[in-house]
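Coordinate analysis (summary)
The primary structure of each chain is shown beneath.
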Amino acid sequence: MSSIGTGYDLSVTTFSPDGRVFQIEYAAKAVDNSGTVIGIKCKDGIVMGVEKLIASKMILPGSNRRIHSVHRHSGMAVAGLAADGRQIVARAKSEATNYQSGYGEPIPVKELAERVASYVHLCTLYWWLRPFGCGIILGGYDRDGPQLYMVEPSGISYRYFGAAIGKGKQAAKTEIEKLNLSEMTCREGVIEVAKIIYKVHDEAKDKAFELEMSWVCDESKQQHQKVPDELLEEAKAAARTALEEMDAD
Amino acid sequence: MDLNMDLNAPHSMGTTIIGVTYNGGVVLGADSRTSTGMYVANRASDKITQLTDNVYVCRSGSAADSQLVSDYVRYFLHQHTIQLGQPATVKVAANLIRLISYNNKNMLETGLIVGGWDKYEGGKIYGIPLGGTLIEQPFAIGGSGSSYLYGFFDQAWKEGMTKDEAEQLVVKAVSLAIARDGASGGVVRTVVINSEGVTRNFYPGDKLQLWHEELEPQNSLLDILNSPSPEPMNI
């Protein structure tokens with residue numbers, strides 16, 4: 001589906017004759033080349049997982065966090081250029097705090113998603129700025145229940161039951177569609193997300209990876225936090241077993 | 001009596017204002033006297049002001065200050081409602097009022113009671129007295145007339161009243177305060193807010209119940225001069 005936009009791809013303020021802005025599409029490519037990031041909305045909360053590709057054996061496990069808490073009730077998982085992601089997270093945190101100070105209540109997830117999307121879109125309007133090279137999965141739990149949003153480098157933001165970005169997004173989306181999310185609790189969801197990430201991980205192309213997961217659900221008292229260690233280990237074990245069963249066929 | 005009345009004194013609302021929650025919503029009540037020193041500048045003012053479709057505020061203290069604060073908050077809430085895509089919550093309205101009251105405390109003199117209904121919390125009352133504290137209460141009283149109502153509410157207030165009980169309580173309380181507080185008077189206005197909407201009611205001052213030592217209104221003998229019926233003194 002990719003085409004070379006010779007001549008029309010030099011600036012984010014240039015349209016091509018067929019109405020595309022190539023710089024934004026190239027930014028999306030940066031996202032597609034990163035490790036898979038998944039988010040699902042279960043009946044009692046949101047679960048997010050990241051396939052963190054390990055660049056070097058010298059990296060300390062647990063460092064380079066890809067999932068960040070934006071406020072007590074919401075968190076963001078970032079795919080693509082990590083440094084760009086840090087900027088967006090900082091902006092989201094600042095929006096959330098200002099909203100709370102001004103209006104006296106936590107920012108509704110819908111409002112937060114709109115502000116993040118606005119900010120990402122802003123950087124596609126001026127020639128002296130480049131688009132953000134990252135895709136965001138935003139999960140939060142507010143008065144209207146758990147909600148999951150995805151923001152793309154173009155600034156588009158939609159609300160989802162399940163979303164995936166990065167290398168294995170096609171395969172991941174297929175797997176997510178098989179799940180019965182409306183009946184699933186977050187506890188079960190954590191296991192499923194781990195299984196999907198292990199499944200879509202390409203052993204041939206990428207060597208090692210680290211699984212990072214977070215949730216915000218009734219069990220976590222509607223606070224966004226890392227999935228508890230024993231549950232994470234349980235999920236990893238289940239995922240590995242599922243992979244072996246598949247290989248054994 | 002002081003004949004040198006200061007007609008240029010700032011308009012202050014001596015006032016009695018009340019906000020009460022009941023099972024299903026809130027009832028706000030107020031008197032209607034606005035005074036400039038000893039002179040009653042407006043004997044039928046409306047101290048219960050709309051902020052949004054579902055949130056109203058009772059104003060006391062300086063008339064100008066309370067009107068300005070209400071106007072600002074109405075403006076911010078309007079924008080907030082558009083952005084949010086749904087009605088603002090009572091808490092947000094109260095918080096905006098509080099921020100203005102607190103951050104400008106050196107310049108403002110106004111005590112406010114915010115009351116309304118939203119789909120998340122139901123009926124709520126928030127009191128925001130002079131310094132800019134924000135306090136959520138099952139009922140709140142304010143203004144100069146409220147001094148006479150603390151004991152009354154301690155005794156008469158109960159949780160989970162019906163709409164009619166709550167409204168009768170509010171009317172009775174404002175009426176008692178008007179009887180004792182010189183800076184409160186006129187009519188009693190109430191606003192009832194619940195899931196179905198907003199209802200305004202009006203209780204004329206001369207139809208209010210008489211309290212201890214208050215005299216029945218007597219017709220003046222001068223009425224004979226104005227009456228259309230035949231002259232009583234026929235020669």
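Let me sum up the structure you'll find in this document. Treat the numbers as computed from the prediction; the structure is a model and nothing was measured.

1. A closer look at the interface of chain A and chain B
With 13 residues of chain A at the interface, the matching set in chain B holds 13 residues. When chain A packs against chain B, the two sides together hide about 1100 Å² of surface, and 44% of this comes from carbon and sulfur. For the chain A face of the interface with chain B, the top three residues by lost area are Tyr 103, Glu 111 and Arg 143 of chain A, together amounting to 48%. For the interface between chain A and chain B, the tally reads one salt bridge. The partner of Glu 121 of chain B in a salt bridge is Arg 143 of chain A, and the shortest N-O contact between them spans 3.0 Å. Run the count over chain A and chain B and you get five residue pairs in polar contact (both at pLDDT 80 or more). Mapped by element, the contributors of at least two residues to the side of chain A that touches chain B are helix H2 (82-103) and helix H3 (109-122) of chain A. For the side of chain A that touches chain B, the per-class residue count stands at three nonpolar, three polar and seven charged.

2. Focus: the sheet that holds strand E1 (residues 37-42) of chain A
Residues and elements named next belong to chain A. Read from one edge of the open sheet, five strands run E8-E1-E2-E9-E10, paired in antiparallel fashion. If you trace the sheet from one side to the other, it starts and ends with strand E8 (162-165) and strand E10 (225-226), each paired once. As defined by bridge partners, strand E9 (residues 209-217) adjoins E10 across two bridges and the pair is classed as antiparallel. In the sheet register, Ser 214 faces E10, and the bridge partner there is Lys 226.

3. Things to note about the packing of helix H5 (residues 186-200) of chain A against helix H6 (residues 229-248) of chain A
Residues and elements named next belong to chain A. Taken N-terminus to C-terminus, the directions of H5 and H6 make an angle of 45 degrees; their axes are 8 Å apart at the nearest point. With respect to H6, the element H5 is oriented oblique. The two elements H5 and H6 meet at a crossing, and its hand is right-handed. Contacts from Arg 187, Val 190, Ile 191, Ala 194, Lys 195, Tyr 198 and Lys 199 of H5 reach H6 at Leu 231, Glu 234, Ala 235, Lys 236, Ala 238, Ala 239, Arg 240, Ala 242, Leu 243 and Met 246. Tallied by class, the residues present in the contact of H5 with H6 amount to 11 nonpolar, no polar and six charged.

About the criteria used
- Residues numbered from 1 in each chain as written.
- Chains lettered and ligands numbered in written order.
- Predicted model: local features only at pLDDT ≥ 70, side-chain atom pairs only at ≥ 80, totals over all residues.
- Heavy atoms only, no water.
- Contact = heavy atoms within 4.5 Å.
- Buried area = accessible area lost by both parts, 1.4 Å probe.
- Salt bridge = Lys/Arg side-chain N within 4 Å of Asp/Glu carboxyl O.
- Polar contact = N/O pair within 3.5 Å; in protein donor to acceptor, adjacent residues only side chain to side chain.
- Helix = DSSP H or I, 4+ residues; strand = E, 2+ residues; numbered from the N terminus.
- Nonpolar A, V, L, I, M, F, W, Y, C, P; charged D, E, K, R; others polar.
- Pairing = 2+ DSSP bridges.
- Axes fitted to C-alpha atoms, helices over the stretch in contact; angles between N-to-C directions.
- Parallel < 35°, antiparallel > 145°, perpendicular 65-115°, else oblique.
- Left-handed = near helix turned anticlockwise from the far one by under 90°.

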